[in-house]
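What follows is the residue order along each chain.
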Amino acid sequence: MKFDFATPVERRHPSRHGQAADWPSQKWHRHDDDVLPLWVADMDFRSPPAVIEALEARIAHGVFGYGEVPDSLREALCAWSGEHYDWAIAPEWQHWLPGVVPALHLASLAFTAPGDGILTVTPIYPPFLSVAERTGRRAQTAPLAEPEVPGEPWRLDLDALEAAITPETRLLLWCQPHNPTGRAWSSEELNGLAALVERHDLLVVSDELHCDLLLDEGARHRPLAAQFPALARRIITLWAPSKTFNLAGLTAACAVIPDASLRRRFAAAAKGLMPDANVLGLVAAEAAYTQGEPWRQALLATLRGHRVRLAEAVAGWPGVTMSAPQSTYLAWLDLRRSGLGESPQRVLLEEARVALSDGADFGWPGFVRLNFGTTRSQLDEALSRLDRVLAQ
Ligand SMILES: Cc1ncc(COP(=O)(O)O)c(C=O)c1O
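Being a predicted model, the structure only gives us computed values, none of them experimental. (Residues numbered from 1 in each chain as written. Predicted model: local features only at pLDDT ≥ 70, side-chain atom pairs only at ≥ 80, totals over all residues.)

1. Some remarks on the packing of helix α3 (residues 71-85) against helix α10 (residues 279-291)
A pair of packed helices can be characterised by two numbers: the angle between their axes and the separation between those axes. The criterion, for reference: Comment: axis = line fitted to C-alpha atoms, over the contacting stretch for helices; angle = value between 0 and 180 degrees taken between N-to-C directions. By definition, any uninterrupted DSSP run of H or I lasting at least four residues is a helix, any uninterrupted run of E lasting at least two residues is a strand, and each is numbered from the N terminus. Whether a crossing is left-handed or right-handed is set by the direction in which the near helix is turned from the far one by less than a right angle, anticlockwise for left-handed and clockwise for right-handed. The contact criterion used here is simple: two residues whose C-beta atoms, placed from the backbone, lie within 7 Å are in contact. Under the scheme applied, nonpolar residues are Ala, Val, Leu, Ile, Met, Phe, Trp, Tyr, Cys and Pro; charged residues are Asp, Glu, Lys and Arg; polar residues are all the others, including Gly.
Interaxial distance between α3 and α10 falls to 9 Å at its minimum, and their mutual angle equals 35 degrees. Crossing angle aside, the handedness with which α3 passes α10 is left-handed. Within the contact between the two elements, α3 uses Ser72, Leu73, Ala76, Leu77 and Trp80 and α10 uses Leu282, Ala285, Glu286, Tyr289 and Thr290. Considered class by class, the residues forming the contact of α3 with α10 number 7 nonpolar, 2 polar and 1 charged.

Structure below.
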């Protein structure tokens, strides 16, 4: 089956029945009209046709009262997990909720006390850095090891991670594959991490939101809890169809919690605070997990091509380096030697009219994150604008 990842979809000024419609998207509305946005992590592609059809059918029903998570969705996720990650999960381990970021905060409330330490690595997806402060806990961070040779992968620095741990540390906020470096961690790194988690008696929230977007041919995701069954009782795994199938605005995500007591504590913390999952999000999730695979394969082929195109462009930018992302549509670029000063993101926004994410928000100033989940023509246009500033 053929899917269209090439035709740009109007997201800045969409029309409805021939009239200009007001459906602001964060990505396309934050900056001036002449700016190309390659920042926030959503893609410019329409979701799989099967998902759109399932939503149309649900909308035609016309009643949108409180929904319940259907058994068929729980089973769809069990089947997806078994087939794609070799992890047999039970339907009752699933706690559906409206987002992964809310789940990070909920885990802090459910499993830690005021003053406890919440640990994470940097660079990291920015909300990880705010969870502790927002919930009255103590933020603890350890840097990843940056590549010694430009272009080599970023690595987990276990010594730095261990050094950041104190007797107050309770919870590790972990991200695999990793946003923003795109790393899919090696077994060696994860073995070290697992030993450390056990040694320090930590709980782990494993945010695996990008796990269906491993880009290398034949690469397979192994959830942390599946790779280390002895640790599964300490791990809350977070998944969602939102990145893979471009459904972030429909707010449906799932915490997979094998341990019954952790599950109860998580559910208790959610009460009164967390809205039920969005009925349309649940419909979309089930359609995506049951019928979205051919679309996902076609998406991966598109993203692989974009990754090559981006690497060629970066090779022509003196003082800019990138480790090829092993997953997702996000690239992490080092511009500390580009001559653009302390805030390259701002210079590129002003001079190239391309909006990227600022590395400072991820804990590493001098870097930018570039979202290549867009059409080839929009990517080409953005790269040629960046060329004008960087290729000299
Ligand atoms: C690693 C990671 N976690 C969480 C999120 C946000 O998830 P949600 O929209 O479900 O809160 C993102 C979005 O980019 C992400 O990259």
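2. Digging into the site of the ligand
Let me state the cut-off plainly: For each residue, a C-beta atom is placed from the backbone, and the residue is labelled near a molecule or strand when this atom is within 6 Å of it.
The immediate surroundings of the ligand are formed by 13 residues, with Ala41, Gly99, Val100, Val101 and Asn179 found nearest. Looking at the shell around the ligand residue by residue, the classes come out as 9 nonpolar, 3 polar and 1 charged.

3. Details of the sheet that holds strand β12 (residues 330-334)
Put simply, the rule reads: At least two bridges found by DSSP between two strands is the condition for calling them paired.
Spatial ordering of the open sheet is given by β11-β12-β15-β14, a layout of 4 strands whose pairing is antiparallel. The open sheet has two edge strands with one neighbour each: β11 (321-322) and β14 (357-358). Bridging between β14 and strand β15 (residues 367-371) involves 2 bridges; their strand directions are antiparallel. Across the sheet, residue Ser357 finds its bridge partner in β15, namely Arg369.

4. Considerations on the sheet that holds strand β8 (residues 203-207)
Backbone-to-backbone hydrogen bonds pair the strands of a sheet. The strands run either parallel or antiparallel. On the basis of which strands lie adjacent, the open sheet formed by 7 strands has the order β4-β10-β9-β8-β7-β5-β6 and mixed pairing. Two strands lie at the open edges of the sheet, namely β4 (94-97) and β6 (138-143), each paired on one side alone. Averaged over all pairs of adjacent strands, the angle between their axes in this sheet comes to 20 degrees, without regard to strand direction. Examined bridge by bridge, strand β7 (residues 169-175) and β8 share 5 bridges and lie parallel to one another.

5. Here's the deal with the packing of helix α4 (residues 100-111) against helix α5 (residues 127-134)
Following both chains from N to C, one finds α4 and α5 inclined at 35 degrees, their axes separated by 9 Å at the closest point. Remark: the crossing between α4 and α5 carries right-handed chirality. Here Val101, Leu104, His105 and Ser108 of α4 lie close against α5, whose contacting residues are Pro127, Phe128, Val131, Ala132 and Arg134.

6. Concerning the nonpolar core
Short version of the rule: Here a nonpolar core is just a set of buried residues of the types Ala, Val, Leu, Ile, Met, Phe, Trp, Tyr and Cys, joined wherever their C-beta atoms sit within 7 Å. With C-beta atoms placed from the backbone, a residue is labelled by how many other C-beta atoms lie within 10 Å of its own: buried for 20 or more, exposed for 12 or fewer, partly exposed between the two.
The biggest cluster of nonpolar side chains holds 114 residues, and the ones touching the most others in it are Ala284, Leu333 and Val354. Sorting elements by how many residues they give to this core places α10 first, with 8 residues.

7. Here we look at the domain arrangement of the chain
Heads up, the rule is: Either an automatic procedure or a domain database provided the assignment from which the domain bounds are taken.
Per the domain assignment, the segments of the chain are domain 1 (15-50 + 293-390) and domain 2 (71-291). The C-alpha-based centres of domain 1 and domain 2 are spaced at 24 Å. Facing the 30 residues of domain 1 at the interface are 34 residues of domain 2. With 5 residues, the single largest contributor to the side of domain 1 that touches domain 2 is helix α11 (residues 293-315). Here the residues of the side of domain 1 that touches domain 2 are counted per class, giving 16 nonpolar, 8 polar and 6 charged.

8. Quick notes on the pairing of β6
Keep this limit in mind: Handedness is read with the strands pointing away from the viewer; a crossover is right-handed when the path from the first strand over the helix to the second is clockwise.
As paired elements, strand β5 (residues 117-122) and β6 share 6 bridges and run parallel to each other. Bridging from a neighbouring strand, Thr120 pairs with Thr141 of β6. After leaving β5, the chain enters α5 and then returns to the sheet as β6, a path that is right-handed.

9. Description of the environment of Leu172
Following the sequence through the fold, Leu172 ends up in strand β7. Expressed as a C-alpha distance, the spacing of Leu172 and Val205, which sit 33 residues apart in the sequence, is 6.3 Å. Apart from residues lying up to four places away in sequence, Leu172 is in contact with Leu119, Val197, Leu202 and Val204.

10. Comments concerning unusual backbone geometry
Of note, the bond from Thr122 into Pro123 is cis; its omega dihedral lies within 30 degrees of zero at 0 degrees. Structurally, the position occupied by Pro123 is in the loop between β5 and α5. The linkage connecting Asn179 with the following residue, Pro180, adopts the cis geometry, with an omega of 20 degrees. As for its position among the elements, Pro180 is in the loop between β7 and α7 (187-199). Backbone geometry places Asp86, a non-glycine residue, at a positive phi of 55 degrees. Relative to the elements of secondary structure, Asp86 occurs in the loop between α3 and β4.

11. A look at helix α12 (residues 344-352)
Our working rule: Each direction from the helix axis to a C-beta atom contributes to the arc, which is the arc of those directions.
Along α12, the residues classified as buried are Pro344, Gln345, Leu348, Leu349 and Ala352. Seen end-on, α12 carries its buried residues on one side only, within an arc spanning 140 degrees. Buried residues in α12 make contact with β13 (354-355), β14, β15 and α13 (376-390). Positive backbone phi, at 60 degrees, marks Arg353, one or two positions downstream of α12.

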